[in-house]
Every structure is written in C-alpha cells, then in structure tokens.
Amino acid sequence: MPNELASRLQPIVAEAVTAAGFDLDSFEVQQAGRKQLVKVVVDSDDGVGLDEVAEISRKVSAALDENEHVLASAYTLEVTSPGLDRPLAQPRHWRRAKFRLVRITPAEGAEFVARVGHAGEDRVTVLVEGRLKDVHYKSVAKAVVEIEFKQPPADELKLLEEDASGKSSTPAGQTEAKEEPK
C-alpha cells in the first residue's frame, strides 16, 4: 500500500516543492502505526536553509491537505535536505558539490579523491593531484563528498574557476588528463 500511495502522492508533492523553487530529491511514504510517514527530501543549487525547509513544509502540507482523498489517513510530514553522505548520482548533485572534495569509485580502476569543478550534463571536470581531468558520469560507480575541516586551497579553486570560464588553466609543465567515454 505505501508504494502505491507514494506513486499517487509523488506528483502532488513534486508540484508543491517545484512551485517553492526547489528540487524534490527523494520521496517516500511509510506506515507508522495508524499514520503514514511522508518523507520529503528537497535541495537546490544554493542549498536549503531552515527557514526554507519550514516554508516548503507548509506548502507540501497544504498540498497534501487539499488532496486528503488520496492520502485517506492521518500523516506525519518530514521535510529535510540531503545529508553529506548522499551519493552524487545526477549532474545536479555534482553541480551542488562544486569545489568540494569527493571520493570517486570508478566502474573500472582505482578509487581516487578529487575536487569538483564544472559539471556538465554528461561529465564533470575534477582536479586530481594538481591536474584537471574530465570524468564521465557513466564511468562512476560511486561518488560521495568528503568532509573537509578547512578551506580549500585558493590555487585549486582558481584553477577550477579558470577552467570553467574557458581560460587555459593547466599549470606549467602539467597536462590535462581527459578520460574518454566508455
């Protein structure tokens, strides 16, 4: 029942979240005693603050109340933003991780840590050991943000910004490594 219910509620919730100017990152409905637990995870390119979560919660709650015939029971609504441990699975996840360190496990080859630069629709530019590298999303088995406790080095950020703006940014004596699609 919860999966069927979730499939009927998802468009209602997605519309409310989108109307508020955010992306619906994930959505699920679980049975919690006599009530339904409606879990909504939202995100945006600029992140989501507590005030915004509260506003989205009000909008989603109003949308659910307007469609109470679909829910047909009491519910508890939980609206949150994604945690740092969320895998980078879509281009928008990579865009939101710009300048962050990520641990990338390729489908083939050794795991590596890189700093995220420009993220396009099918690939992302990352900085690995001082060199820029294009990584195609389809070649990544898993990628997660690494927690950093200090500011990223300014020279790394400059290199990634210059690359995104189209300027030649590879340091003297170093070459860009381009990963070919598989």
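This text follows the structure it describes.
Computed from a predicted structure; not experimentally measured.

When helices and strands are tallied, the chain shows 5 helices and 9 strands. For a compact globule of 182 residues, the expected C-alpha radius of gyration is about 16 Å, and the chain comes in at 20 Å, more than 25% above that figure. Taken along the three principal axes of its C-alpha coordinates, the chain extends 65 × 35 × 30 Å. Here the chain holds 182 residues, and 38% of them are scored as buried.

Glancing now at the environment of Ile 56. For Ile 56, the location among the structural elements is in helix H2 (residues 50-66). Note on Ile 56: relative accessible area 1%, which makes it buried. Spatially, the C-alpha atoms of Ile 56 and Val 17 are 6.4 Å apart, while their sequence positions differ by 39 residues. Look past the residues within four positions of Ile 56 in its chain and what remains in contact with it is Val 17, Ala 20, Phe 22, Val 42, Val 48 and Val 79.

In this section: the layout of surface pockets. Over the atoms rolls a probe the size of a water molecule, and its path tells where empty space is left. Computed from the structure, the largest pocket encloses a volume of approximately 270 Å³. Surrounding the largest pocket, 16 residues form its lining, Asp 43, Pro 82, Arg 86, Arg 96 and Arg 100 being those nearest its centre. Of the residues that constitute the lining of the largest pocket, the class distribution is 6 nonpolar, 5 polar and 5 charged.

So, about the nonpolar core. The biggest cluster of nonpolar side chains holds 24 residues, and the ones touching the most others in it are Leu 9, Val 13, Val 17, Phe 27, Val 40, Ile 56 and Val 60. At the level of elements, helix H1 (2-19), strand S1 (23-32), strand S2 (35-43), H2 and helix H3 (68-71) are the ones that each hand at least two residues to this core. Broken down by element, the residue count for this core peaks at 8 residues, all from H1. Look past the residues within four positions of Phe 27 in its chain and what remains in contact with it is Ala 6, Leu 9, Gln 10, Val 13, Val 38, Lys 39 and Val 40.

Moving on: H2. Its 17 residues give H2 an end-to-end C-alpha distance of 24 Å, which sits within 8% of 24 Å, the value for a rise of 1.5 Å per residue. Within H2, the full set of buried residues consists of Val 53, Ile 56, Val 60, Ala 63 and Leu 64. Here the buried residues of H2 occupy an arc of 95° about the axis, which is enough to place them on one side. Summarising the geometry of H2, the exposed residues directed more than 90 degrees from the buried face are Asp 51, Arg 58 and Glu 66.

On to the pattern of salt bridges. Summed over all chains, the structure comprises 16 salt bridges. The partner of Asp 43 in a salt bridge is Arg 96, with the nearest N and O atoms 3.3 Å apart. You can see Asp 43 sitting in strand S2 and its partner Arg 96 sitting in helix H4 (residues 91-96), a full 53 residues away along the chain. Accessibility assignment for this pair places Asp 43 and Arg 96 in one class, buried. A salt bridge links Glu 55 to Lys 59, with the nearest nitrogen and oxygen atoms 3.7 Å apart. Highlighted residues: Glu 55 and Lys 59, both in helix H2, separated by 4 residues, approximately one helical turn. Residue Glu 55 is classed as partly exposed on the basis of its relative accessible area of 32%.

Cut-offs used in this document
Residues numbered from 1 in each chain as written. Predicted model: local features only at pLDDT ≥ 70, side-chain atom pairs only at ≥ 80, totals over all residues. Heavy atoms only, no water. Helix = DSSP H or I, 4+ residues; strand = E, 2+ residues; numbered from the N terminus. Rg over C-alpha atoms; globule rule 2.2 N^0.38 Å. Buried < 20%, exposed > 50% of the residue type's maximum accessible area, 1.4 Å probe, protein only. Contact = heavy atoms within 4.5 Å. 1 Å grid on protein atoms, 1.4 Å probe; cavity = no way out; pocket = protein on both sides within 12 Å on 5 of 7 lines; lining within 4 Å. Points joined across faces, edges and corners; volume = space filled by probe spheres on them. Nonpolar A, V, L, I, M, F, W, Y, C, P; charged D, E, K, R; others polar. Core = buried A, V, L, I, M, F, W, Y, C linked by side-chain atoms within 4.5 Å. Expected span 1.5 Å × (residues − 1). Arc of directions from axis to C-beta. Salt bridge = Lys/Arg side-chain N within 4 Å of Asp/Glu carboxyl O.

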